[in-house]
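Structural characterization, general
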Amino acid sequence: MAEETIFSKIIRKEIPAQILYQDELVTAFRDINPQAPTHILIIPNKLIPTANDVTAEDESTLGRMLTVAAKLAAQEGIAADGYRLMINCNRHGGQEVYHLHMHLLGGRPLGPMLARRE
Ligand code: AMP
């Protein structure tokens, strides 16, 4: 069994977060350390530690994460200008919290996808 993270407590509303959306499959809340004017995390309610751990059973949840992202982008007023959806996996991906999450970032030009190497 995977270890719970702080995100499970946010889902159960045991610790405060700015929850923008919740249904039976996913929860979305504002990132505590925003990297852009809009920075929202969309997560499965079920504990899936990383992108490596998704299975065919999770496909409806993963699809819901994307439709909720599109809905929230429209709600935030960033849909037309555009935004970035990002999932970090494990060490090389820079994952810090081991509960799968999709970042929704926007509200300013975000620049190239990866920092350029010197
Ligand atoms: P990642 O590096 O992809 O694992 O991203 C983890 C994200 O979770 C970071 O952007 C953190 O700022 C965010 N985060 C960590 N703890 C909280 C929290 N309690 N509430 C909201 N966002 C959080």
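What you are looking at is a predicted structure, and each value in this text was computed from that prediction instead of being measured.

Below, the discussion takes up the packing of aromatic side chains. In the structure shown here, the tally under the stated rule is 1 aromatic pair. Summarising the aromatic geometry, the rings of Phe7 and Phe29 are spaced 5.3 Å apart at their centres and angled 75 degrees between planes, so their arrangement reads as edge-to-face. Of this pair, Phe7 sits in helix H1 (residues 6-11) while Phe29 sits in strand S2 (residues 26-30); the two residues are 22 residues apart in sequence, bridging distant segments of the chain. Accessibility assignment for this pair places Phe7 and Phe29 in one class, buried.

In this section: the layout of surface pockets. To find leftover empty space, one rolls a probe the size of a water molecule over the atoms. Estimates place the volume of the largest pocket at around 520 Å³. Every residue lining the largest pocket is counted, 23 residues in all, and those nearest its centre are Phe7, Asp31, Ile32, Asn33 and Leu41. At the level of secondary structure, the elements contributing two or more residues to the lining of the largest pocket comprise H1, S2 and strand S3 (38-44). Looking at the second largest pocket, the residues that line it are Gln35, His39, Arg84, Met86, Asn88, His103, Leu105, Arg108, Leu110, Pro112, Met113 and Leu114. Contributions of two or more residues to the lining of the second largest pocket are made by strand S4 (83-86) and strand S5 (102-106). Among the residues making up the lining of the second largest pocket, the classes are represented as 6 nonpolar, 4 polar and 2 charged.

Reading guide: rules and limits
- Residues numbered from 1 in each chain as written.
- Predicted model: local features only at pLDDT ≥ 70, side-chain atom pairs only at ≥ 80, totals over all residues.
- Heavy atoms only, no water.
- Phe/Tyr/Trp six-rings, centres within 6.5 Å; stacked < 30°, edge-to-face > 60°.
- Helix = DSSP H or I, 4+ residues; strand = E, 2+ residues; numbered from the N terminus.
- Buried < 20%, exposed > 50% of the residue type's maximum accessible area, 1.4 Å probe, protein only.
- 1 Å grid on protein atoms, 1.4 Å probe; cavity = no way out; pocket = protein on both sides within 12 Å on 5 of 7 lines; lining within 4 Å.
- Points joined across faces, edges and corners; volume = space filled by probe spheres on them.
- Nonpolar A, V, L, I, M, F, W, Y, C, P; charged D, E, K, R; others polar.

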